[in-house]
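# Remarks on the overall topology
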Amino acid sequence: MIDFHVHKPSEGGEGGRYDSRPYTAADYVAVMDELGIDVSVVFTLDGLWHPSPAENDRVAAWVAEAPDRLVAFGTVDPRLPDAAAETERCLGELGMRGLKFHPWIQAFCPHEACMDPIAEVAAAHGAPILFHDGTPPYSTPLQIAALARRHPDVPMVLGHGGLQDHWREAIAAVTGTPNLWICLCGTPNAGMRAVVARCPSQRLLFGTDAGLGAAVSQPFAAERIAEVEQLEIEEEVRAAMLDGNARALLRLEEQVG
Ligand SMILES: [Zn+2]
């Protein structure tokens, strides 16, 4: 199983979003073993509020402890003049496999022009861009789809499958945008069933959002896995969603080879 939505735990303290005691990558890999997760896509938590090259360095270093099990995504403040250069550093020098944005927290609209140079760097690297989605005003599926349509060479991902309020819009966005993937992560059960029934099966992904809590054990991640395992869908589609699609999007075989 590949978990496409995991946060590196907050550093806590000043500048940290949560008063947590950060756990190590090795500790988290042990939890992945318990949960049956082979690979996790890891992005920042603190850096959504305070994006910086230093935080990208911390995410890269955390993931480097278990490079065969953890894949890093970076983030930048898209309004800064060096945003494209830092994107290039993430995907080049730091070896990150994609980018994560949370436009609602990071305070920009997904289809603003400032995202274009970033998307062009992602296209050059064949790297996907994942967005938080499901919360207006800045994280609606169709806003993200608008950017995806301007950059048809860049795979973009709705990181939460529309959440409670936007899964219908998420389905419309994905079915109308060939380079838009959908990660079921916090999507309600009715929404998950509708997404799986209507979206192309090769563009379904799954994520837990692990890493939000202070403790390394992630009870809600286990619940989300149980939910998706109990979802009444074809096994072939479940296997694609839980493993094969993410492997292809991340080009994991190239990494191993
Ligand atoms: Zn998240």
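Anyway, here's the lowdown on the structure attached to this text. (Residues numbered from 1 in each chain as written. Predicted model: local features only at pLDDT ≥ 70, side-chain atom pairs only at ≥ 80, totals over all residues. Heavy atoms only, no water.)

### Re the pairing of strand β7 (residues 180-184)
Of all five residues that make up β7, five are buried, and the element is covered over most of its length. Burial along β7 is two-sided: the residues Leu-180, Ile-182 and Leu-184 and Trp-181 and Cys-183 are all buried. Pairing between strand β6 (residues 156-158) and β7: three bridges, direction parallel. Each bridged residue has a counterpart across the sheet, and for Leu-158 the counterpart in β7 is Ile-182. The handedness of the β6 to β7 crossover, carried by helix α8 (residues 163-175), is right-handed. Pairing analysis gives three bridges linking β7 to strand β8 (residues 204-206), with the strands arranged parallel. In the strand pairing of β8, Leu-184 is matched with Phe-206. With respect to chirality, the unit in which β7 leads through helix α9 (residues 189-198) into the neighbouring parallel β8 is right-handed. (Buried < 20%, exposed > 50% of the residue type's maximum accessible area, 1.4 Å probe, protein only. Helix = DSSP H or I, 4+ residues; strand = E, 2+ residues; numbered from the N terminus. Pairing = 2+ DSSP bridges. Right-handed = clockwise from strand over helix to strand, strands pointing away.)

### Some details on helix α6 (residues 116-125)
Those residues of α6 that fall on the buried side of the exposure criterion are Asp-116, Ile-118, Ala-119, Val-121 and Ala-122. If you follow the buried residues of α6, they end up packed against α4 (83-91), β4 (98-101), β5 (129-131), α7 (141-150) and β6. Looking one or two residues beyond α6, the residue adopting positive phi is Gly-126, at roughly 65°. (Contact = heavy atoms within 4.5 Å.)

### Comments concerning the packing of aromatic side chains
Considering all chains together, one arrives at six aromatic pairs under this definition. When the ring of Phe-4 is compared with that of Phe-73, the centres are 5.9 Å apart and the planes differ by 90°; the resulting orientation is edge-to-face. Highlighted residues: Phe-4 in strand β1 (residues 2-7) and Phe-73 in strand β3 (residues 70-74), separated in sequence by 69 residues. Comparing Phe-4 with Phe-73, the two get one shared label, buried. Joined through ring pairs, the aromatic side chains of Phe-4, Phe-43 and Phe-73 make up one cluster. (Phe/Tyr/Trp six-rings, centres within 6.5 Å; stacked < 30°, edge-to-face > 60°.)

### Here's the deal with the packing of α4 against α6
Interhelical geometry of α4 versus α6 gives an angle of 25° and a closest axis separation of 8 Å. When the axes of α4 and α6 are compared, the pair comes out roughly parallel. Note that α4 runs across α6; the crossing there is right-handed. Residues Ala-83, Ala-84, Thr-87, Glu-88 and Leu-91 of α4 lie in contact with α6, whose contacting residues are Pro-117, Ile-118, Val-121, Ala-122 and His-125. A breakdown of the residues in the contact of α4 with α6 according to their chemical character gives seven nonpolar, two polar and one charged. (Axes fitted to C-alpha atoms, helices over the stretch in contact; angles between N-to-C directions. Parallel < 35°, antiparallel > 145°, perpendicular 65-115°, else oblique. Left-handed = near helix turned anticlockwise from the far one by under 90°. Nonpolar A, V, L, I, M, F, W, Y, C, P; charged D, E, K, R; others polar.)

So, to be careful, I would describe these as geometric facts and stop short of saying anything about function.
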